[in-house]
Amino acid sequence: MTREELPNLAESKLTALVVDDNFVNQSIHQKLLARLGITNEVVCNGKEAVDAHCSGRNYDLILMDMDMPIMNGIQATKRLREMGIESKIAGVTTRANEGEKKEFMEAGLNDFQEKPLTISKLLSILHKFDFYVQT
Amino acid sequence: MNTIVVGQLQRQFQDYIVSLYQQGYLDNQFTELRKLQDEGSPDFVAEVVSLFFDDCAKHFYEFYYRIRERPDHVDFKQVDSGVHQLKGSSSSVGARRVKNVCIAFKECCDVQNREGCLRCLQQVDYEYKMLKTKLQDLFNLEQQILQAGGTIPQVSMN
């Protein structure tokens, strides 16, 4: 997909939260979202993601890494669901064996993508959640 | 704008970046990264790879301490965790050789092979520094093209 063919979802006013402890991945995921016109914020671990919601913030989409210090992605996803957070949560991780994927999905994910994240993988996530309709 | 000079620089850039893929320094994820760079963030790729190299340096010193400074108390689980992180970030920027060394490094951690880990540690150091030099040369070529009034070619590796 060329740059000119990328959809601009700015009119949808979607918001996203990037949850990842790695600065490289934070930077890339934020850029991917921004290129599609999605306003986004970033936190460094699951606890910060939970705290953000406790402070009243809410997001349409959460990109959740699995391995993080303090509170990992599985714990954070479970906690958010317990709090009644209904945002779409996509697990994004390099750990892709079936057992780990199953555990992460069962924590409450809506989707799972293996890192590295790309534009096409992000569009696949958005399409699955009906945030983006291919024309 | 001297179109002949720009053309030469653009060809030089294309040849150089293709060679980096062919020699295994980079993979398709680097192409994906370049697609994200635009007029609003003209230094995006350089900024992200700079973060990556900072990550490499940080992890190298952490591994060095854990493996070399404490030979009788190597915490392979901690080392493995750090290698996993580095593998992730190398994968995200398309640093193929660094990623491959991390895969071998993890295997050494799994079997608690200290000597193997030491070799991988040296290899990580070598590969990330080599890639850093190569990418700096690439970014310098980009700057020369821009200063000559040209545009950076999009190079498809498909």
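Residues numbered from 1 in each chain as written. Chains lettered and ligands numbered in written order. Predicted model: local features only at pLDDT ≥ 70, side-chain atom pairs only at ≥ 80, totals over all residues. Heavy atoms only, no water.

Engineer: So what's going on with the UniProt feature "domain: HPt" (unreviewed entry) in chain B? Residues and values would help.
Structural biologist: Listed under "domain: HPt" (unreviewed entry) in the UniProt record, and renumbered for this structure, are residues 41-149 of chain B. The span residues 41-149 of chain B is 85% helix and 0% strand, and its two end C-alpha atoms sit 18 Å from each other. (UniProt positions renumbered as here; feature names shortened; annotations may be inferred. Helix = DSSP H or I, 4+ residues; strand = E, 2+ residues; numbered from the N terminus.)

Engineer: Any details on the side chain of Ser92(B)? Residues and values, ideally.
Structural biologist: Relative to the elements of secondary structure, Ser92(B) occurs in helix H4 (residues 76-93). Given the relative accessible area of 3%, Ser92(B) is considered buried. Those residues in contact with Ser92(B) that lie beyond four places of it in its chain are Val24(A), Asn25(A), Ile28(A), Pro116(A), Gln29(B) and Leu33(B). (Buried < 20%, exposed > 50% of the residue type's maximum accessible area, 1.4 Å probe, protein only. Contact = heavy atoms within 4.5 Å.)

Engineer: Could you give an account of the environment of Ala90(A), naming the residues involved and the relevant values?
Structural biologist: Mapped onto the elements, Ala90(A) comes out in strand E4 (residues 88-93). In contact with Ala90(A), not counting residues within four places along its chain, are Ile62(A), Leu63(A), Met64(A), Leu109(A), Asp111(A), Ile125(A) and Phe129(A).

Engineer: Which residues make up the sheet that holds strand E1 (residues 15-19) of chain A, and what values go with them?
Structural biologist: Residue and element names in this part refer to chain A. With parallel pairing, the five strands of this open sheet are ordered in space as E2-E1-E3-E4-E5. Two strands lie at the open edges of the sheet, namely strand E2 (39-43) and strand E5 (111-114), each paired on one side alone. Each strand axis lies, on average, 20° off the axis of its neighbour in the sheet, ignoring direction. As paired elements, E1 and E2 share five bridges and run parallel to each other. In the strand pairing of E2, Ala16 is matched with Asn40. Sheet strands in contact with helix H1 (residues 23-35) are E1, E2, strand E3 (61-64) and E4, and its direction is about 165° off that of E2. (Pairing = 2+ DSSP bridges. Axes fitted to C-alpha atoms, helices over the stretch in contact; angles between N-to-C directions.)

Engineer: Tell me what's going on with the UniProt feature "modified residue: 4-aspartylphosphate" (unreviewed entry) in chain A, and back it up with residues and numbers.
Structural biologist: Residue and element names in this part refer to chain A. Feature annotation in UniProt assigns "modified residue: 4-aspartylphosphate" (unreviewed entry) to the following positions: Asp65. With respect to the helices and strands, the residue Asp65 is situated in the loop between E3 and helix H3 (73-82). If we ignore the near neighbours within four places in the chain, the residues touching Asp65 are Val19, Asp20, Asp21, Gly73, Val92, Thr93, Phe104 and Lys115.

Engineer: Describe in detail the pairing of E1(A), supporting the description with residues and values.
Structural biologist: Residue and element names in this part refer to chain A. Of all five residues in E1, four are buried; the element is thus mostly enclosed. The pairing of E1 with E3 spans four bridges and is classified as parallel. Bridging from a neighbouring strand, Leu17 pairs with Ile62 of E3.

Engineer: An account of the nonpolar core is needed here, citing residue identities and associated values.
Structural biologist: Counting 70 residues, the largest nonpolar core has Leu63(A), Phe30(B), Phe52(B), Phe105(B) and Leu135(B) as its most contacted members. Top element by residues in this core is helix H6 (residues 114-147) of chain B. It accounts for 12 residues. Once residues lying within four places of it in the same chain are set aside, the contact partners of Phe52(B) are Val24(A), Leu86(B), Ser89(B), Ser90(B), Val93(B), Ala95(B), Val98(B) and Leu131(B). Within the second largest apolar cluster, 21 residues are counted, among which are Ile62(A), Met68(A), Ile74(A) and Ile85(A). (Core = buried A, V, L, I, M, F, W, Y, C linked by side-chain atoms within 4.5 Å.)

Engineer: Explain the packing of helix H2 (residues 46-54) of chain A against H3(A) to me, and be specific about the residues and the numbers.
Structural biologist: All names here are of chain A. Between H2 and H3, the least distance of the axes is 8 Å, while the angle of their chain directions is 15°. Here H3 runs roughly parallel to H2, going by the angle between their axes. Pair H2 / H3 crosses with right-handed handedness. Residue-level contacts link Gly46, Ala49, Val50 and His53 of H2 to Ala76, Arg79 and Leu80 of H3. Class assignment for the residues of the contact of H2 with H3 results in four nonpolar, two polar and one charged. (Parallel < 35°, antiparallel > 145°, perpendicular 65-115°, else oblique. Left-handed = near helix turned anticlockwise from the far one by under 90°. Nonpolar A, V, L, I, M, F, W, Y, C, P; charged D, E, K, R; others polar.)

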